[in-house]
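A look at the structure
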Amino acid sequence: ETGVTQTPRHLVMGMTNKKSLKCEQHLGHNAMYWYKQSAKKPLELMFVYNFKEQTENNSVPSRFSPECPNSSHLFLHLHTLQPEDSALYLCASSQDFGWVQPPYEQYFGPGTRLTVT
Amino acid sequence: AQKVTQAQTEISVVEKEDVTLDCVYETRDTTYYLFWYKQPPSGELVFLIRRNSFDEQNEISGRYSWNFQKSTSSFNFTITASQVVDSAVYFCALRNYGQNFVFGPGTRLSVLP
C-alpha cells in the first residue's frame, strides 16, 4: 500500500451505534489530520496530531473521539452520532505540522463516506 | 483573520478549451503559503502546487499554470486545452507558519466531451 489509506470507504450507522474510522499513512510523515467535508461546505478541520500529540481540537463535539497510537495510524471513534454528522471524512498526513519549517503539503486519503440514519 | 475565496462555484467547459479558476486570499502575515488541490470523484484531494509569498514567478507544469499576484492577493490556476479527466473539484488553500490550512469552498469543474 502506498500513500494514505482509509477504511472503511463507506459506513452506514444508526444514531446509537459505535464505530471507528481508520487511517494509515505509508509516507513516513509525522503529522496526521481529520477533516469533515459536508455537501456545499468548505473542508472543516477536526483534529491534528503532530508526533502523536494532539495539537488541535477544532471545537469538535465529544461524540467524535480521535486516537493516534503511532505516527502511522489515526482513528476516529464515533458514538451516538446525529444525522447532520453524515459527511465525507478525510484523513491527511504531512511531513510535520510546520511550526517553524515552511508548511508542508498534505496528502489525503480517499475518505470514508459516513451516513447516519 | 485568514480567508480564501473561490467565487466560481461551478464551471463547465468543452474539451480543449482553456479555463481559469480564481482564488483570492486574505491574510495579515507577510510570509504565507498557497496551495492548490484537486479532488476527483474518487474523493481524495491531490496536491498540485505549493507557492510561498516571496516567490511571485508564475509556474507552468504541463497543461497547468499558476498566476500569483500579491498586489491583488490572487493565486489563479489555468488549465490549457482541458480534458475530461480534469473534471474535479479544485481547492485553493492558504497556510501560515504554525497555523492550520484554510481551504476555499472549491470550484467544481466539468469538462464536457
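Residues numbered from 1 in each chain as written. Chains lettered and ligands numbered in written order. Predicted model: local features only at pLDDT ≥ 70, side-chain atom pairs only at ≥ 80, totals over all residues. Heavy atoms only, no water.

Scanning chain B from N- to C-terminus turns up 0 helices and 12 strands. In sequence order, the secondary structure elements of chain B are arranged as β-β-β-β-β-β-β-β-β-β-β-β. Relative to a compact globule of 113 residues, whose C-alpha radius of gyration would be 13 Å, chain B shows 14 Å and is just as compact. Taken along the three principal axes of its C-alpha coordinates, chain B extends 45 × 25 × 20 Å. Within chain B, buried positions represent 46% of all 113 residues. Sequence separation of 24 or more characterises 56% of the internal contacts of chain B that already satisfy a separation of 6 or more. As displayed, chain B offers around 5400 Å² of accessible surface, 48% of which is attributable to carbon and sulfur atoms. Across chain B, the 10 positively charged side chains and the 12 negatively charged ones have centroids separated by 5 Å. (Helix = DSSP H or I, 4+ residues; strand = E, 2+ residues; numbered from the N terminus. Rg over C-alpha atoms; globule rule 2.2 N^0.38 Å. Buried < 20%, exposed > 50% of the residue type's maximum accessible area, 1.4 Å probe, protein only. Contact = heavy atoms within 4.5 Å. Areas by Shrake-Rupley, 256 points an atom, 1.4 Å probe, with all protein chains shown as cover. Lys, Arg positive; Asp, Glu negative; His and termini not counted. Charge placed at Lys NZ, Arg CZ, Asp CG, Glu CD.)

Turning our attention to the nonpolar core. Core analysis: the biggest nonpolar cluster contains 23 residues, and B:Trp36, B:Phe77, B:Tyr90 and B:Leu109 have the highest contact counts within it. Of all the secondary-structure elements, those providing two or more residues to this core are strand S2 (10–14), strand S3 (19–21), strand S5 (33–39), strand S8 (64–69), strand S9 (74–79), strand S10 (88–95) and strand S12 (107–112) of chain B. Examining the composition of this core, we find that 4 residues originate from one element, S10(B), more than from any other. In terms of nonpolar packing, the next biggest core, distinct from the first, is built from 22 residues, A:Leu11, A:Leu78, A:Tyr89 and A:Cys91 among them. (Core = buried A, V, L, I, M, F, W, Y, C linked by side-chain atoms within 4.5 Å.)

Moving on to the pattern of salt bridges. Residues and elements named next belong to chain B. Evaluation of the coordinates by the stated rule reveals 4 salt bridges over all chains. Notably, a salt bridge pairs Arg51 with Glu59, separated by 2.4 Å at the nearest N-O pair. Owing to a relative accessible area of 32%, Glu59 belongs among the partly exposed residues under this scheme. Several salt bridges converge on common partners, so that one network encompasses Arg51, Asp55 and Glu59. (Salt bridge = Lys/Arg side-chain N within 4 Å of Asp/Glu carboxyl O.)

All names here are of chain A. Read across the open sheet, the 4 strands follow the order S1-S3-S8-S7; overall the sheet is antiparallel. Each having just a single partner strand, strand S1 (4–7) and strand S7 (64–70) make up the two edges of the open sheet. Adjacent strand axes in the sheet meet at a mean angle of 20°, parallel and antiparallel pairs treated alike. Two strands pair when backbone bridges link them, and S1 and strand S3 (residues 18–25) are joined in this way by 4 bridges, in the antiparallel orientation. Residue pairing for S3: Val4 is matched across the bridge by Gln25. (Pairing = 2+ DSSP bridges. Axes fitted to C-alpha atoms, helices over the stretch in contact; angles between N-to-C directions.)

Bringing the confidence of the model for chain B into the picture now. When the pLDDT values of chain B are averaged, the result is 93; 100% of them are 70 or greater. Between the elements of chain B, mean pLDDT differs from a low of 87, seen in strand S7 (residues 59–61) of chain B, to a high of 98, seen in S3(B). (pLDDT = per-residue confidence, 0-100.)

The next subject is the packing of aromatic side chains. Residues and elements named next belong to chain B. Enumeration over the complete set of coordinates arrives at 23 aromatic pairs over all chains. Their ring planes at 90° and their centres at 5.1 Å tell us that Tyr64 and Phe77 sit as a pair that is edge-to-face. In this pair, Tyr64 sits in strand S8 while Phe77 sits in strand S9, placing the two residues 13 residues apart along the sequence. Judged by its relative accessible area of 15%, Tyr64 falls in the buried class. You can call Phe77 buried: its relative accessible area is 0%. On the basis of an interplanar angle of 85° and a centroid distance of 6.4 Å, the ring pair of Phe91 and Phe103 is categorised as edge-to-face. With Phe91 in strand S10 and Phe103 in strand S11 (residues 102–103), the pair connects residues that are 12 residues apart, well separated along the chain. Exposure remark for Phe91: the relative accessible area of 2% places this residue in the buried category. (Phe/Tyr/Trp six-rings, centres within 6.5 Å; stacked < 30°, edge-to-face > 60°.)

So, on to the pairing of S10(B). All names here are of chain B. Taken across its 8 residues, S10 has 8 buried, putting it largely inside the fold. Alternating positions in S10 separate into two faces, Ala88, Tyr90, Cys92 and Leu94 on one and Val89, Phe91, Ala93 and Arg95 on the other, with burial throughout. Of the strand pairs in this sheet, S5 and S10 are connected by 7 bridges, and their pairing is antiparallel. Opposite Tyr33, over in S10, you have Arg95 as the bridge partner. Inspection of the sheet shows S10 paired to S12 by 3 bridges, in the antiparallel sense. The residue bridging Tyr90 from the neighbouring strand is Thr107, located in S12.

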